[in-house]
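Single-letter residue listing:
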Amino acid sequence: MPLVWYPRLARASRRERENWQTSGGGYGIHWPDLDEDLSTEGMLLGAPAPMRE
């Protein structure tokens, strides 16, 4: 999946992207430095991050 589908990750530094942890019992990924959470199911299905207002 293209990194541009995940704007917060695309704008983040490499260090920030590499600092992640599983969440939701393994059903998600959390980047604490970015306050970003994505579902593993959505990423595996190739779904872009939801648009934020």
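The structure reproduced in this document is the subject of the present report. (Residues numbered from 1 in each chain as written. Predicted model: local features only at pLDDT ≥ 70, side-chain atom pairs only at ≥ 80, totals over all residues. Heavy atoms only, no water.)

### So, unusual backbone geometry
What counts is decided by this rule: Secondary structure is summarised from DSSP: a helix means a run of H or I of at least four residues, a strand means a run of E of at least two, and numbering begins at the N terminus for each.
Positive phi, close to 55 degrees, is recorded for Asp 35, a residue that is not glycine. Along the chain, Asp 35 turns up in the loop between β2 (28-31) and β3 (36-39).

### Some points on the nonpolar core
The tendency in soluble globular proteins is for nonpolar side chains to be buried side by side. Short version of the rule: Each nonpolar core is a collection of buried residues, namely Ala, Val, Leu, Ile, Met, Phe, Trp, Tyr and Cys, held together in the definition by side-chain atoms within 4.5 Å. Relative accessibility decides the category of a residue: with a 1.4 Å probe and only protein chains considered, values under 20% of the type maximum give buried, values over 50% give exposed, and everything between is partly exposed. Contact between two residues is taken to exist if any of their heavy atoms lie within 4.5 Å; hydrogens are not considered.
Tyr 6, Leu 9, Ala 12, Ile 29, Trp 31, Leu 34, Leu 38, Met 43 and Ala 49 form the largest nonpolar core, which has nine residues in total. When residues no more than four places from it in sequence are discounted, the contact partners of Ile 29 are Trp 20, Gln 21, Ser 23, Glu 36, Asp 37, Leu 38, Thr 40 and Met 43.

### Topic: the sheet that holds β3
Keep this limit in mind: Two strands make a pair as long as DSSP finds a minimum of two bridges between them. Note on method: axes are straight lines fitted to C-alpha atoms, helices fitted across the in-contact stretch only, with angles between N-to-C directions ranging 0 to 180 degrees.
In spatial order, the strands read β1-β2-β3; together these three strands make up an open sheet with antiparallel pairing. With one partner strand each, in any of the chains shown, β1 (21-23) and β3 form the two edges of the open sheet. Pairwise comparison of adjacent strand axes, ignoring direction, gives a mean angle of 30 degrees for this sheet. In the sheet, β1 pairs with β2 via three bridges, with the strands oriented antiparallel. Looking at the pairing, Thr 22 lines up with Ile 29 of β2.

### Regarding the pattern of salt bridges
Using the following cut-off: One side-chain nitrogen of Lys or Arg within 4 Å of one carboxyl oxygen of Asp or Glu is enough to make a salt bridge.
In total, this model carries two salt bridges according to the counting rule given. Across the salt bridge formed by Arg 14 and Glu 18, the nearest N and O atoms sit 3.0 Å from each other. Taken together, the residues span about one helical turn, with Arg 14 and Glu 18 both in helix α2 (residues 14-18) at a distance of four residues. For the pair formed by Arg 14 and Glu 18, the shared burial category is exposed. Where Arg 15 meets Asp 33, a salt bridge forms, and the shortest distance between an N and an O atom there is 3.2 Å. You can see Arg 15 sitting in helix α2 and its partner Asp 33 sitting in the loop between β2 and β3, a full 18 residues away along the chain.

### A look at the environment of Ser 13
Note on placement: Ser 13 falls in the loop between α1 (7-11) and α2. Residue Ser 13 is classed as partly exposed on the basis of its relative accessible area of 33%. With 16 residues separating them along the chain, Ser 13 and Ile 29 place their C-alpha atoms 17 Å apart.

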